[in-house]
Each structure stands twice: as structure tokens, then as C-alpha cells.
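# Structural overview for review
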Amino acid sequence: RRVSVVDNSADAERNIPEVVVFVDEQGNPLETTSQVLRIVPGQGGGGRKLQPQPEKEGGKMDPPSNPIPDNNNNNPSLNPPPPILPAPNTPLPLVLPQSVNSSLPGVTYSPYNADGTCRAAADIYSDFQLLTSLYSLVRIYGVDCNQVASILPAASSISARLFLGIFNLDDLDTQIVTLVSAVLTYGSWSQIDTISVGNELVNNGQATADQVIAAVSAARTSLRNAGYTGPVVTVDTFTAVIANPLLCDASDYCAMNIHAFFDPNTPAPQAGNFVLRQVANVREVLADPAQRVVVTESGWPWQGNANGLAVPGRENQLIAVQSIVDAYGVVNWGDLVLFTAFNDYWKRAEADTFYAEQFWGMH
């Protein structure tokens, strides 16, 4: 959906992805949806340029730029960080749908210690032995920490599928060489399900859509020359994809991150429906509405401040993730990657992500 807005400070027409909250006359929320705002210059022209709200590392969506009245204390800047609770000592007890008799869908993994240093190869190997015994696919984001070489031996023991990544566009050729060398030395291309080029680069303002598209094309050529024949994609947020559907046209399938927690009108039980709605919204702007869509991140935090109706907690994490699995995963089992395997204590706790950024781990 698109909404046109006249802005006297704008000097050119532009499209901006936004999360729009519709309210009644009393300020009560009626609907939250993703839309593309069409900014139309007024008679004044020139001056301040409106910018889309950036998303945070790991695919998290910032609160709307014009939030609803703070009836639920959902203004993150007004709330102090919550007390740190002990991490759960048991895995999230997800239930497989009756139509599925195998492992859980995909899961994301980052190979860092709490202080941000690289996990030892033996620790990465141990982590992967656990994850590949439970999940059908494991997604990683980069080639640093020698992670590709460390995970391949663990994954090969049970034929787990791997979703590899090139995190940014800096020195793209060197990252591709590192990835290719690790695969050919420690495993084989048959283990690799997908290779992504970038994670939320357009949404975070780290690259333009044209730069990402060019990088995907260049990477695909290099990877094909190295013997890889599987999908090459770029991953961005659903808001960035709605504003830049060419990102999906340039990918071998449409890959995007969707997190219901950052919508203040979506409680945990509705997380799966939120994912379904955003996938439907994206399909409306794709050149091929029937293109394969893979949700490459979706989850819920077990600790942090509440964001309106979206409340962290271990019980709510289970409810939300189970809702996502039941709503999207049953029909699209191979097209869902849950976020995330372990807590990311190396990330910064920030008010605008409700001090929840570190606490999305399911194990």
C-alpha cells in the first residue's frame, strides 16, 4: 500500500518505507501495517529531507517515527533497562506441527563470545553439533572468525544444510575467496543451501539498492565460476524490500527479516499472523508475486522492556515463536529461519530496541 504526503520542505518526490499506526480519535491503535510513503514536494520546496527510520543490527525494526500516545509506556526512551535475569537453562520447547515429522526449521547463529571476541573453533563445533541435530538449516552471516571452516566439519556429520553469508560489501572479492576456500577445503557445495550478500544494508543506510544489486550479480558470477550452483540472494528487512522490490528481482529468491516484537500492536500470540501479513504486503510489490519468499529472521526476546502489547518473557517467547512456526512454517517449512540460537551478549543494550537486543536466544 502507498500513502501520499505533501511536504513543503521536500525538494523532490521520493518513496519511504514506514511502519504506519492507524489510531481512532482517542489515540487508541486500530491497525499497524507497513506502507510506502510517497513524499510529494509542496510549493515551498527545499530544506530538510525526510529519511526512513533505520533498522538495527539483526533485523530489528525501530519504533514508528510517529508513535501512538504512550498509554502502554511503549516509548523506549522513557523506560530504564530492566534488571538482568538469569538466562533460561533449557531450550525453548517448540512443538513440531503434525504435518512435519522431521527437524525444526532453520535457525541463525553468530560465533562470538560475550565480549565480542571470536569463539574458539572447538566451541563453534560443539554449538553446531547441537544445532544441526535440532534444525534443518543453520544461517550464519559472515566469514570472520574462521566460522565457515569451523562449521563445515560439524555439519557434514549429519548432512545439515548451511546458509552462508557475506556480511557487507567491503572487499567483496576477498570475502568470496575466503568463503570458497573454506568450502572446498573443509566440505563441499552440496552442504550449502544459500549464500547471501549483505544483511539489511539498504535499510541501515550502508549501501544503496543499486550497490547491493551489483554486488549480488558480481558474487553470483564468482561463485558460479567456483562451482556453486545454489541460490545467491541479498537479505534486507521487509520495509526495505517494499521500498526496493528490485532487491528481490536480483536475488534467486526473496529473502527478508520480519520481527513482530517491534510492532507495539502485536502481542506474542499474533506474531505468526504479523509475519503472514508482511509477506503478503511484500508480494504486492514484487515483479513476480509468486516468487519464493524466505523469512530469514523471525523471533521474540525473552527479556527487555515492553513495546506496547509486545512484551518480552520466556513464556511469551515460546508463544510467539510457536505462533510463527505454526502460521508460516507449516506451509513454508523450508522457507523459515528462526532468530536466534543463543543470546547475543556481545551486542549493545539500547533503549530504542527496548534493551532486548541481547536476549533473543532460544538455547
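Residues numbered from 1 in each chain as written. Predicted model: local features only at pLDDT ≥ 70, side-chain atom pairs only at ≥ 80, totals over all residues. Heavy atoms only, no water.

## With respect to the pattern of salt bridges
- In the structure shown here, the tally under the stated rule is 9 salt bridges.
- D252 is paired through a salt bridge with R220; the nearest N and O atoms lie 3.4 Å apart. Taken together, the residues D252 in the loop between α6 (246-249) and β9 (254-257) and R220 in helix α4 (residues 209-225) connect sequence positions 32 residues apart.
- Its salt-bridge partner being K347, residue D344 comes within 3.6 Å of it at the nearest N-O pair. One exposure class covers both D344 and K347, and it is buried.
- Beyond isolated ion pairs, a larger network of salt bridges with shared partners links R220, R224 and D252. (Salt bridge = Lys/Arg side-chain N within 4 Å of Asp/Glu carboxyl O. Helix = DSSP H or I, 4+ residues; strand = E, 2+ residues; numbered from the N terminus. Buried < 20%, exposed > 50% of the residue type's maximum accessible area, 1.4 Å probe, protein only.)

## Some thoughts on the state of the cysteines
- Under the defined criterion, the tally for this structure stands at 2 disulfides.
- Here C118 is linked by a disulfide to C145, with a sulfur-sulfur distance of 1.9 Å. Disulfide C118-C145: the torsion about the S-S bond is -70 degrees, which places it as left-handed. With a gap of 27 residues between them, C118 in the loop between β4 (106-108) and α1 (121-134) and C145 in the loop between β5 (137-139) and α2 (147-156) connect regions that are remote in the sequence.
- Among the residues examined, C118 registers a relative accessible area of 42% and is labelled partly exposed.
- For C145, a relative accessible area of 17% gives the class buried.
- Between C248 and C254 runs a disulfide, and the two sulfur atoms are separated by 2.1 Å. (Disulfide = S-S within 2.5 Å.)

## So, the environment of A209
- Looking at where A209 falls in the secondary structure, it is placed in helix α4.
- You can call A209 buried: its relative accessible area is 14%.
- Those residues in contact with A209 that sit more than four places away from it in its chain are V202, N244 and L247. (Contact = heavy atoms within 4.5 Å.)

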